[in-house]
Amino acid sequence: MSSRSTVTPADRATAWDVIVVGAGPAGCAAAAAARQADPVARVLLLDRTDFPRDKVCGDGIAAQAWDALRDLGFDTGAVAEGYPSLRRLRLTGPGGPVAERDMAHPVHVVPRRVFDARLVADVTARGVELRRHRVTGVVVRTDGVEVDGLLRARAVIGADGAESLVRRAAGVPAPRSGTVAVALRGYAPVPADARTQMITMTDRRWPAYAWNFPVGDGTANVGYGHLLDGPPVSRAEMAESLHRLLPDVGEVQGLRGHRLPLSTGRPRIPDGRVLLVGDAQSLIHPLTGEGIYYAIVSGALAGGAAVRGARAGAVYRRAMRHRLGRHLRHTSLVASAGRWPAVIDAGVRSAARRQRSFDDLVHFGLADGTLRPRMVAGLVR
Ligand SMILES: Cc1cc2nc3c(=O)[nH]c(=O)nc-3n(C[C@H](O)[C@H](O)[C@H](O)COP(=O)(O)OP(=O)(O)OC[C@H]3O[C@@H](n4cnc5c(N)ncnc54)[C@H](O)[C@@H]3O)c2cc1C
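From a predicted model like this one, the values you see are computed outputs, not experimental measurements. (Residues numbered from 1 in each chain as written. Predicted model: local features only at pLDDT ≥ 70, side-chain atom pairs only at ≥ 80, totals over all residues. Heavy atoms only, no water.)

1. With respect to the UniProt feature "domain: FAD-binding" (unreviewed entry) in the protein
Right, on to step 1. Residues annotated by UniProt as "domain: FAD-binding" (unreviewed entry) correspond here to residues 17-194.
Right, on to step 2. For residues 17-194, the end-to-end C-alpha separation is 46 Å, with 25% helix and 35% strand making up the annotated structure. (UniProt positions renumbered as here; feature names shortened; annotations may be inferred. Helix = DSSP H or I, 4+ residues; strand = E, 2+ residues; numbered from the N terminus.)

2. Overview of empty space enclosed by the protein
Right, on to step 1. Evaluation of the coordinates by the stated rule reveals one cavity of 30 Å³ or more.
Right, on to step 2. Roughly 40 Å³ of internal volume is contained in the largest cavity.
Right, on to step 3. Around the largest cavity, the lining residues are Ala170, Val172, Ile269, Pro270, Val274, Leu275, Leu276 and Gln281.
Right, on to step 4. Classifying every residue of the lining of the largest cavity gives seven nonpolar, one polar and no charged. (1 Å grid on protein atoms, 1.4 Å probe; cavity = no way out; pocket = protein on both sides within 12 Å on 5 of 7 lines; lining within 4 Å. Points joined across faces, edges and corners; volume = space filled by probe spheres on them. Nonpolar A, V, L, I, M, F, W, Y, C, P; charged D, E, K, R; others polar.)

3. Some thoughts on the site of the ligand
Right, on to step 1. Residues in close proximity to the ligand total 35 residues, the closest being Asp47, Gly58, Gly60, Arg112 and Asp279.
Right, on to step 2. Within the backbone of Pro25, one N or O atom sits 3.4 Å away from an oxygen atom of the ligand.
Right, on to step 3. Within the side chain of Arg53, one N or O atom sits 2.8 Å away from an oxygen atom of the ligand.
Right, on to step 4. Coverage of the ligand by the protein amounts to 95% of the 1,000 Å² it exposes when considered alone.
Right, on to step 5. At the level of secondary structure, the elements contributing two or more residues to the shell around the ligand comprise helix H2 (25-37), strand S12 (208-214), strand S14 (253-261) and helix H8 (292-306). (Near = heavy atom within 4 Å. Polar contact = N/O pair within 3.5 Å; in protein donor to acceptor, adjacent residues only side chain to side chain. Areas by Shrake-Rupley, 256 points an atom, 1.4 Å probe, with all protein chains shown as cover.)

4. Regarding the sheet that holds strand S3 (residues 60-61)
Right, on to step 1. A sheet is described by the order of its strands in space; here eight strands give the open sequence S3-S5-S4-S11-S12-S13-S10-S14, paired in mixed fashion. Where the open sheet ends on each side, the last strands, each with one partner, are S3 and S14.
Right, on to step 2. With nine bridges connecting them, strand S10 (residues 180-189) and strand S13 (residues 219-227) associate as antiparallel partners. Of the residues in S13, the one forming a bridge with Pro189 is Thr219. (Pairing = 2+ DSSP bridges.)

5. Quick word on the environment of Arg167
Right, on to step 1. Structurally, the position occupied by Arg167 is in helix H6 (residues 165-169).
Right, on to step 2. On the basis of relative accessibility, which here comes to 6%, the residue Arg167 falls in the buried class.
Right, on to step 3. When the C-alpha atoms of Arg167 and Gly257 are compared, they prove to be 21 Å apart, with 90 residues separating the residues in sequence.
Right, on to step 4. Each residue touching Arg167, except ones within four places of it in the same chain, is listed here: Val172, Pro173, Ala174, Pro175, Gly265, Pro267, Leu276, Ala280, Gln281 and Ser282.
Right, on to step 5. A polar side-chain atom of Arg167 sits 2.9 Å from a polar atom in the side chain of Ser282. (Buried < 20%, exposed > 50% of the residue type's maximum accessible area, 1.4 Å probe, protein only. Contact = heavy atoms within 4.5 Å.)

6. Notes on the packing of aromatic side chains
Right, on to step 1. The full count for this structure, using the stated rule, is four aromatic pairs.
Right, on to step 2. A ring pair is formed by Trp66 and Phe115, whose centres lie 5.6 Å apart and whose planes are at 80°; its orientation type is edge-to-face. Of the two residues, Trp66 is situated in helix H3 (residues 63-71) and Phe115 in helix H5 (residues 112-124); the sequence distance between them amounts to 49 residues. One exposure class covers both Trp66 and Phe115, and it is buried.
Right, on to step 3. An aromatic cluster is built from Tyr209, Trp211 and Phe213, whose rings are joined through pairwise contacts.
Right, on to step 4. Geometry around Phe74 places Arg126 over its ring, the cationic atom sitting 4.7 Å from the centre. (Phe/Tyr/Trp six-rings, centres within 6.5 Å; stacked < 30°, edge-to-face > 60°. Lys NZ or Arg CZ within 6 Å of the ring centre and 35° of its normal.)

7. Overview of the pairing of strand S1 (residues 15-21)
Right, on to step 1. Of all seven residues in S1, six are buried; the element is thus mostly enclosed.
Right, on to step 2. With six bridges connecting them, S1 and strand S9 (residues 151-158) associate as parallel partners. By the bridge assignment for S9, Ile19 is matched with Val156.
Right, on to step 3. As paired elements, S1 and strand S2 (residues 43-47) share four bridges and run parallel to each other. In the sheet register, Val18 faces S2, and the bridge partner there is Val43.
Right, on to step 4. Between the parallel elements S1 and S2, the chain passes through H2 in a crossover that is right-handed. (Right-handed = clockwise from strand over helix to strand, strands pointing away.)

8. Topic: a positive patch on the surface
Right, on to step 1. The grouping of Arg268, Arg308, Arg311, Arg318, Arg321, Arg326 and Arg329 at the surface amounts to a positive patch.
Right, on to step 2. Tracing the backbone shows Arg329 in helix H9 (residues 312-337). (Patch = residues over 30% accessible without salt bridge, like charges linked within 9 Å, V, L, I, M, F, W, Y side chains within 5 Å. Salt bridge = Lys/Arg side-chain N within 4 Å of Asp/Glu carboxyl O. Lys, Arg positive; Asp, Glu negative; His and termini not counted. Charge placed at Lys NZ, Arg CZ, Asp CG, Glu CD.)

9. Things to note about the pattern of salt bridges
Right, on to step 1. Tallied over the full model, the rule gives 21 salt bridges.
Right, on to step 2. The partner of Asp17 in a salt bridge is Arg42, and the shortest N-O contact between them spans 3.3 Å. On the criterion of sequence distance, the pair formed by Asp17 in strand S1 and Arg42 in the loop between H2 and S2 is long-range, its members being 25 residues apart.
Right, on to step 3. The partner of Asp122 in a salt bridge is Arg126, and the shortest N-O contact between them spans 2.9 Å.
Right, on to step 4. With relative accessibility at 31%, the residue Arg126 sits in the partly exposed group.

See below:
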């Protein structure tokens with residue numbers, strides 16, 4: 001499939017209800033939610049590229065992300081088709097402790113080239129219009145928002161990723177230092193029956209870790225990332241860290257890097273008609289690098305709010321606080337404490353001892369879990 005059609009004179013004449021900039025998971029979720037909130041809403045989805053397209057990512061999609069997609073009407077069976085569910089997770093803490101267990105809910109590893117194109121196909125089959133267009137300017141007027149002087153909408157959703165132009169145009173400051181990570185990702189051959197996801201942390205340049213996520217087709221998505229803090233590190237050094245932490249990995253193809261704006265640097269959600277979701281709103285888990293679940297949830301909440309026009313920002317802010325506020329506060333707290341690798345090692349040891357601690361840890365790192373008394377007790381012990 002492709003989004004080859006570009007903006008036409010008819011699009012310019014249309015009074016759009018919602019324009020979504022960026023057709024990744026956050027944008028597709030936002031567009032679907034806007035139509036769910038108002039089934040006759042005119043929703044335009046813009047992306048600078050055609051689909052399918054690659055996106056640098058670990059491709060690990062948590063169970064709760066699939067649930068959130070299902071709630072938005074996506075045919076998740078079709079989106080995940082051909083990619084087996086994975087339950088086994090092996091976590092290695094920065095000091096070496098290991099916890100390997102089955103997760104309560106399975107994840108899927110679907111290459112983003114496939115995953116995003118399937119989401120786009122699903123949402124456009126349900127009445128959302130898609131155009132290939134690179135947005136360069138967003139201006140708020142009293143009665144709506146103008147995109148590139150060509151298109152007008154009652155509200156605009158910036159789902160345009162880590163380097164969001166909409167964020168800059170809305171006057172939202174760039175993430176501050178110490179709240180952005182950087183990671184390299186590629187694909188490597190693994191045995192066709194490999195089914196264990198691996199996350200191996202290291203206390204060198206902490207917080208940092210490597211991952212090995214089998215896709216299920218004889219390849220695995222492998223990568224290495226760390227917090228962007230302190231002296232710069234070359235691509236060659238990062239690739240060396242990947243191989244040091246994953247010694248069994250053979251030749252890696254398609255190694256590419258990308259920045260991850262972490263939720264510890266998320267901006268306050270402003271009032272008004274311009275909303276930011278997913279990476280544009282700095283919604284990536286600071287401990288696990290997970291962002292797809294947040295992208296879908298924030299997209300869903302923003303899409304529902306966007307049909308409210310001028311009240312959209314306030315409605316979205318309240319909805320986010322209600323849905324993810326507590327989780328995000330706890331995440332920031334643990335990220336601060338986790339500056340000491342020993343804290344994370346304690347969490348891994350606790351997860352190795354008890355299945356319930358393992359489940360709590362996974363729920364905290366991949367979805368919207370909060371700090372439970374037994375988690376704190378496990379860390380203290
Ligand atoms: C190396 C790495 C590994 C990761 N691993 C995982 C993982 O395993 N699991 C997980 O859950 N998360 C992971 N993440 C995080 C995840 O990739 C992001 O959180 C997620 O992609 C955010 O989705 P999004 O829709 O907000 O943005 P994106 O997926 O980045 O989509 C943004 C879209 O906007 C478009 N766009 C950008 N600018 C413009 C413009 N000016 N005009 C029009 N269109 C524009 C782009 O073409 C793109 O399609 C990882 C991230 C990295 C970097």
